[in-house]
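# Structural overview
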Amino acid sequence: MGKRQSKLDKQRNEIDQLQEERLQELSRIAEMTKEEARERLLEAVEQETRQDMARRIRETEEALKEEAHERARDIVATTIQRIASDQVSEMAVSVVPLPSDEMKGRIIGRAGRNIRAFEQATGVDVIVDDTPEAVTLSSFDPVRREVARRAMTHLVQDGRIHPARIEKLVEDAQKEVDRVIREEGEKAAYDAGVPGLHTEIVKLLGRLAFRTSFGQNQLSHAVECAHIAAMLASELGADVAVSKAGALLHDLGKAVDHEVEGTHAQIGAEIARRYGVGPKVVNCIASHHHEVEQEFVEAIIVEAADAISGARPGARRESLEAYVKRIRALEDVANSFEGVQESYALQAGREVRIIVRPEEIDDLASMRLARDIARKIEETMQYPGQIKVTIIRETRSVDYAK
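Here the structure is a predicted model, which is why all the values come from computation and not from measurement. (Residues numbered from 1 in each chain as written. Predicted model: local features only at pLDDT ≥ 70, side-chain atom pairs only at ≥ 80, totals over all residues. Heavy atoms only, no water.)

## Details of a negative patch on the surface
A surface patch of negative charge is lined by E35, E36, E39 and E43. One can find E35 in helix α2 (residues 34–82). A relative accessible area of 48% places E35 in the partly exposed class. (Patch = residues over 30% accessible without salt bridge, like charges linked within 9 Å, V, L, I, M, F, W, Y side chains within 5 Å. Areas by Shrake-Rupley, 256 points an atom, 1.4 Å probe, with all protein chains shown as cover. Salt bridge = Lys/Arg side-chain N within 4 Å of Asp/Glu carboxyl O. Lys, Arg positive; Asp, Glu negative; His and termini not counted. Charge placed at Lys NZ, Arg CZ, Asp CG, Glu CD. Helix = DSSP H or I, 4+ residues; strand = E, 2+ residues; numbered from the N terminus. Buried < 20%, exposed > 50% of the residue type's maximum accessible area, 1.4 Å probe, protein only.)

Have a look at this one:
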């Protein structure tokens, strides 16, 4: 029994010795110790694990982005369907029809005294040309032009055209327009569900009824934006009241931007602040064109509502001449930057694709160029909705088999 145990012990010692020699030989071949090999193995496992984690994170992010995109698209589509309104509002006209061309002479008066009196009383230019049975009223101020249109219509209907009568009818037309402005402002605030606005803000809101942008009536646009913002805020869990108020008042500055220095967003925000509108709503007004930082989610909702209202199919229209001019201006802005080879405006001016010279513009510079061009478009052009800027950088290597 003792001999067998000693034999087993001897064999175990030999096995341990062989195991040790094998480890030493492996260390010599691998040129690393057992601890170093363990570290190397752990590093490899850790690296593989990190790669697997990174891959899973990317897959999760892509899935979340896709889900968020689908969710956002559903919200916007539902909102547009619920707000479906008239495609294009009527533009404020500046042409007054006449019963006959004989009336043009009476409007002008002896030595032009009647037309001078009318222009002085209204502050608009009266254009009497070869247009049959019509005169044109021209003014940068839409409210002033509306007063002149109503006064001229009453004069033509009355038939008694002389300086004293002109002053009386212009005064009556001014009172009539002031009443319409107040009523339109109150109606817009009621339709949008934004109570408690200051009287002066309501009046300025009513002035937008006589202003259009690309054929879209500005007051109708403001009310539509309020409805869209309320729906978006409700879907996203944001403050519905702030979103509605910010959307309704976001273009408030356009009522007086021809009289006051500054952009309409800055002017509107200052007016709203002056008449006691809350800071969240003021930020919505001031930041809807990114002139200041958007501090609240409601400001982002207002910007989105403004874009949806202006960019939805049929919301706005423009003449062929203005359209061609805008498209050309868009390409000219892109071509003005160094390194640009060609640029093309696509999708009715909703996107501009820019091909750059690869030897002058690298990948990093391409991203910076897209941002710079987008900023210049925002600063120098007026357009409905938004414009996508795409930079294309292509490198080609050519050789010939001979």
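Still more ground to cover, so stick around.
## Considering the nonpolar core
Within the largest apolar cluster, 42 residues are counted, with the highest numbers of intra-cluster contacts made by L205, L248, L249, V277 and V281. Mapped onto this core, the elements with two or more residues apiece are α6 (163–192), α7 (199–207), α8 (218–236), α9 (240–249), α10 (264–274), α11 (279–287) and α12 (297–311). Sorting elements by how many residues they give to this core places α8 first, with 9 residues. In terms of nonpolar packing, the next biggest core, distinct from the first, is built from 27 residues, F118, A151, I166 and V177 among them. (Core = buried A, V, L, I, M, F, W, Y, C linked by side-chain atoms within 4.5 Å.)

## A few points about the packing of α10 against α11
Any two packed helices are characterised by how steeply their axes cross, that is the angle between the axes, and by the distance between the axes. At a minimum axis separation of 7 Å, α10 and α11 run at an interaxial angle of 165 degrees. Here α10 lies roughly antiparallel to α11, going by the angle between them. Remark: the crossing between α10 and α11 carries right-handed chirality. Residues A265, G268, A269, A272 and R273 of α10 form the contact with α11, whose own contacting residues are V282, I285 and A286. Each residue belonging to the contact of α10 with α11 can be placed in one class, and the counts come to 6 nonpolar, 1 polar and 1 charged. (Axes fitted to C-alpha atoms, helices over the stretch in contact; angles between N-to-C directions. Parallel < 35°, antiparallel > 145°, perpendicular 65-115°, else oblique. Left-handed = near helix turned anticlockwise from the far one by under 90°. Contact = heavy atoms within 4.5 Å. Nonpolar A, V, L, I, M, F, W, Y, C, P; charged D, E, K, R; others polar.)

## Section: α11
Most of α11 sits inside the fold, with 7 of its 9 residues counted as buried. Taken residue by residue, α11 has V281, V282, N283, C284, I285, A286 and S287 as its buried positions.

## Describing unusual backbone geometry
Phi is positive for A111, which is not a glycine, with a value near 60 degrees. Looking at where A111 falls in the secondary structure, it is placed in the loop between α3 (102–108) and α4 (113–122). Relative accessible area serves as the criterion here: at 68%, A111 is assigned to the exposed category. With a phi close to 60 degrees, H290 is a non-glycine residue in the positive phi region. Tracing the chain through its elements places H290 in the loop between α11 and α12.

## Some remarks on the sheet that holds strand β2 (residues 125–127)
With antiparallel pairing, the 3 strands of this open sheet are ordered in space as β1-β3-β2. A single partner strand is all that each edge strand has here, and the edge strands are β1 (95–97) and β2. On average, each strand axis in the sheet is inclined to that of its neighbour by 25 degrees, with strand direction left out of account. Both β1 and strand β3 (residues 134–138) contribute to a ladder of 3 bridges, which runs antiparallel. The partner of P97 across the bridge, within β3, is A134. Docked against the sheet, helix α5 (residues 142–158) engages β1, β2 and β3, running at close to 155 degrees with respect to β3. (Pairing = 2+ DSSP bridges.)

## Describing the packing of α5 against α6
Interhelical geometry of α5 versus α6 gives an angle of 130 degrees and a closest axis separation of 8 Å. By the angle between their axes, α5 is oblique relative to α6. Two packed elements cross with a definite hand, and for α5 against α6 that hand is right-handed. Each of V143, E146, V147, R150, A151, H154, L155 and D158 in α5 lies in contact with α6, whose residues at this interface are R165, I166, L169, V170, A173, Q174, E176, V177, V180 and I181. Tallied by class, the residues present in the contact of α5 with α6 amount to 11 nonpolar, 2 polar and 5 charged.

## Describing the side chain of S139
Structurally, the position occupied by S139 is in the loop between β3 and α5. Not counting chain neighbours up to four residues away, the residues in contact with S139 comprise G123, V124, R144 and R145.

## Points about the side chain of E298
Residue placement: E298 occurs in helix α12. Here E298 occupies a buried position and makes no salt bridge, while the nearest side chain of opposite charge, K280, is found at 4.6 Å. Excluding residues within four positions of it along the chain, E298 makes contact with A238, D239, V242, S243 and C284.

## A closer look at the pattern of salt bridges
It is possible for side chains of opposite charge to pair when their charged atoms get near one another. Under the defined criterion, the tally for this structure stands at 16 salt bridges. Its salt-bridge partner being E146, residue R150 comes within 2.8 Å of it at the nearest N-O pair. Taken as a pair, R150 and E146 lie in helix α5 at a separation of 4 residues, close to a single helical turn. Of the residues examined, R150 reaches a relative accessible area of 16% and is grouped as buried. The salt bridge involving E171 is made with K175; its shortest N-O contact spans 3.8 Å. Taken together, the residues E171 and K175, both in helix α6 and 4 residues apart, mark about one turn of the helix. A relative accessible area of 45% places E171 in the partly exposed class. Assessed through its relative accessible area of 53%, K175 is described here as exposed. Look at the salt bridges and you will find they share partners, linking E146, R149, R150 and E176 into a network.

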